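Okay, here's what each chain looks like letter by letter:
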Amino acid sequence: MDAQARIKQIQERQTPFYYYDMELLRRTLQQAGEAAGRYGYRIHYAVKANYDPRVVEAVREAGMGMDCVSGNEVRMAIESGFSAADVVFAGVGKSDREIEYSLQQGIFAFNCESLHELQVIHQIASRMGKKARVALRINPDVDPKTHRHISTGKADNKFGISYTEVDQAIATLSELSSLEIVGLHFHIGSQIRDLQVFEQLCTRVNTIKTWFAQQGVVLRHLNMGGGLGINYDDPQAELIPDFARYFEIFHQHLAVEEGQTVHFELGRSLVAQCGELITRVLYNKTTALGGKIVIVDTGMTDLIRPALYGAKHKIENLTSTEGSETYTIGGPVCESSDIFAREIELPVTSRGDLLTMRSAGAYGAAMASRYNMRDLPGAVYSDQL
Ligand code: LLP
């Protein structure tokens, strides 16, 4: 279908909605899978990025596992046909019920974030007569050089077991008979564009894992987390992230022992570019200072990233090409931060025009809320137009 026909189809839909390019999604998953497969690496999709059933189905068809951060995500993975052996459960605040459920299902591993959590999982597992497979999430104190809200691997973050506590972790583990340590887990942050950061991560991991080996701990798996960033400024120039380069860095810099497997938890890089948020222009207005404001029918309840992180999603007008004006684009929600972009250039934009916010397939729909009792955004798939 050409671009014009697509817009015509879209125009008939009720806005706002997420539009997913299923062909791009499949190509992205395939390229990621191939690039990882070259070195025998395994990908667990970080489903927090987008739990749309069609997206999840495509991930399953691509043969990836699932990285979950809540009991509901674990349940959804299993109900969607993922084998429990392909599911990992991470997160700093796993509740007892979530742990029990995941133990019943026999998931691949818990990524454990504190010494206290190790104790609790042990207690629950021994009560259930089970053995829990755990990977220790170590906070390696590597600066991911990204937004502070999505930085997780620095010493003062709440995530992971501090590297200063690893000897205590080993002592604790030796006393907890219902736990089996299967590996180490690291995740230092998200939207990482400076790939050198991953080199630094590898160097730190090499030191940490050597230390564990010296203590006689056998590590069957290394989970290097996710974090690969995407091009928000110019999505068209980089529709599919450079997975080959990303995995090559780990191949070059991570020392992997015989029999050890390496896992990744990619979210954003797999799904961001295949999704966009389509909205309709409701009103034009002008501020006392002469600024032109366009009010659209989507708001921070549908895509919170600009309000929460100052994120920039490229905005394009799908239905007007004439002229050029400077606009601030705002939503209907009663919050001053409900602004998608300030003073951007667009063709002359007026009521009824369709705008698209690009690169919204990750952490878009998944973070939507019903604040102001707004409806949740819909979803339209390219192969169903
Ligand atoms: N593994 C763990 C333990 C994580 O915490 C995350 C993301 C991932 C993997 C996946 O990271 P990715 O490959 O997607 O970078 N809402 C924010 C992003 C939060 C990321 C949270 N953790 C945003 O919209 O930018």
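Quick caveat: nothing in here was measured; it's all calculated off a predicted structure.

Student: Help me out: how do you make sense of the site of the ligand in this one?
Tutor: In the vicinity of the ligand lie 19 residues, with Ser-190, Glu-265, Arg-305, Tyr-309 and Tyr-363 positioned nearest. Note that an oxygen atom of the ligand is positioned 2.4 Å from one of the side-chain N or O atoms of Ser-190. At a separation of 2.7 Å, a nitrogen atom of the ligand approaches a polar side-chain atom of Tyr-309. Taken by itself the ligand offers 590 Å² of open surface, and the protein chains cover 91% of this. The class makeup of the residues in the shell around the ligand is 6 nonpolar, 7 polar and 6 charged. Residues from two domains meet in the shell around the ligand; each of domain 1 (3-16 + 273-384) and domain 2 (22-272) gives at least three.

Student: Looking at this model, I keep getting lost on the pattern of salt bridges. Mind explaining?
Tutor: Opposite charge on two side chains permits pairing when their charged atoms draw close. By the definition in use, this model includes 18 salt bridges. A salt bridge links Arg-42 to Asp-86; the nearest nitrogen and oxygen atoms lie 3.3 Å apart. Placement of the pair is Arg-42 in strand S2 (residues 42-46) and Asp-86 in the loop between helix H4 (71-79) and strand S4 (87-89), with a sequence separation of 44 residues. The exposure class of Arg-42 is partly exposed, given its relative accessible area of 27%. On the accessibility criterion, Asp-86 (24% relative accessible area) is partly exposed. For the salt bridge of Glu-238 with Arg-193, the shortest nitrogen-to-oxygen distance reads 3.2 Å. Of this pair, Glu-238 sits in the loop between strand S9 (221-223) and helix H9 (243-253) while Arg-193 sits in the loop between strand S8 (179-185) and helix H8 (196-214), placing them 45 residues apart in sequence.

Student: Looking at this structure, how should I read the pairing of strand S10 (residues 261-264)?
Tutor: The two faces of the sheet receive side chains in turn, since in a regular strand these alternate between them. As paired elements, S2 and S10 share 2 bridges and run parallel to each other. Of the residues in S10, the one forming a bridge with Arg-42 is His-263. Pairing analysis gives 3 bridges linking S9 to S10, with the strands arranged parallel. Pairing of Leu-222 across the sheet is with Val-262, part of S10.

Student: Just to check I follow, could you spell out unusual backbone geometry for this structure?
Tutor: The amide bond that connects Thr-15 to the next residue, Pro-16, takes the cis arrangement and shows omega of -5°. With respect to the helices and strands, the residue Pro-16 is situated in the loop between helix H1 (3-11) and strand S1 (17-20). Phi angles above zero are rare outside glycine, and Glu-343 is one such case at about 50°. Mapped onto the fold, Glu-343 is located in strand S15 (residues 339-346). The class for Glu-343 is exposed, based on a relative accessible area of 62%.

Student: Where do I start with the packing of aromatic side chains in this structure?
Tutor: To describe a pair of aromatic rings, one takes the distance between the centres and the angle between the planes. In total, this model carries 14 aromatic pairs according to the counting rule given. Taking the centre distance of 5.9 Å and the plane angle of 20° together, the rings of Tyr-20 and Tyr-381 count as stacked. Separated by 361 residues along the polypeptide, Tyr-20 in strand S1 and Tyr-381 in strand S17 (residues 378-381) bring together distant segments of the chain. For Tyr-381, a relative accessible area of 10% corresponds to the buried category. On the numbers, 5.2 Å between centres and 90° between planes, the contact of Trp-211 with Phe-212 is edge-to-face. You can call Trp-211 partly exposed: its relative accessible area is 26%. Its relative accessible area of 0% is what places Phe-212 among the buried residues.

Student: Explain the environment of Ser-369 to me, please; I cannot follow it from the model alone.
Tutor: Structurally, Ser-369 can be placed in the loop between strand S16 (354-357) and S17. Residue Ser-369 is classed as partly exposed on the basis of its relative accessible area, which comes to 30%. When near neighbours in sequence (up to four residues on either side) are disregarded, Ser-369 contacts Thr-301 and Leu-376. Within polar-contact distance, the side chain of Ser-369 engages the backbone nitrogen of Tyr-371 at 3.3 Å.

Student: Even after reading the chapter, I still don't get the domain arrangement of the chain, so can you show me in this structure?
Tutor: Frequently, the measure chosen for interface size is the accessible area that the parts lose on association. According to the domain assignment, the chain contains domain 1 (3-16 + 273-384) and domain 2 (22-272). The distance between the C-alpha centroids of domain 1 and domain 2 comes to 33 Å. On the domain 1 side of the interface with domain 2, the three residues burying the most area are Gln-273, Cys-274 and Tyr-363, jointly 32% of the side's total. The interface formed by domain 1 and domain 2 holds 2 salt bridges in total. Measuring nitrogen to oxygen at the nearest pair gives 2.8 Å for the salt bridge that ties Asp-383 to Arg-54. Here domain 1 and domain 2 share 14 residue pairs in polar contact (both at pLDDT 80 or more) between them. Secondary structure elements with two or more residues in the side of domain 1 that touches domain 2: helix H11 (305-309) and S17.

Reading guide: rules and limits
Residues numbered from 1 in each chain as written. Predicted model: local features only at pLDDT ≥ 70, side-chain atom pairs only at ≥ 80, totals over all residues. Heavy atoms only, no water. Near = heavy atom within 4 Å. Polar contact = N/O pair within 3.5 Å; in protein donor to acceptor, adjacent residues only side chain to side chain. Areas by Shrake-Rupley, 256 points an atom, 1.4 Å probe, with all protein chains shown as cover. Nonpolar A, V, L, I, M, F, W, Y, C, P; charged D, E, K, R; others polar. Domains from an automatic or database assignment. Salt bridge = Lys/Arg side-chain N within 4 Å of Asp/Glu carboxyl O. Helix = DSSP H or I, 4+ residues; strand = E, 2+ residues; numbered from the N terminus. Buried < 20%, exposed > 50% of the residue type's maximum accessible area, 1.4 Å probe, protein only. Pairing = 2+ DSSP bridges. Phe/Tyr/Trp six-rings, centres within 6.5 Å; stacked < 30°, edge-to-face > 60°. Contact = heavy atoms within 4.5 Å. Buried area = accessible area lost by both parts, 1.4 Å probe.

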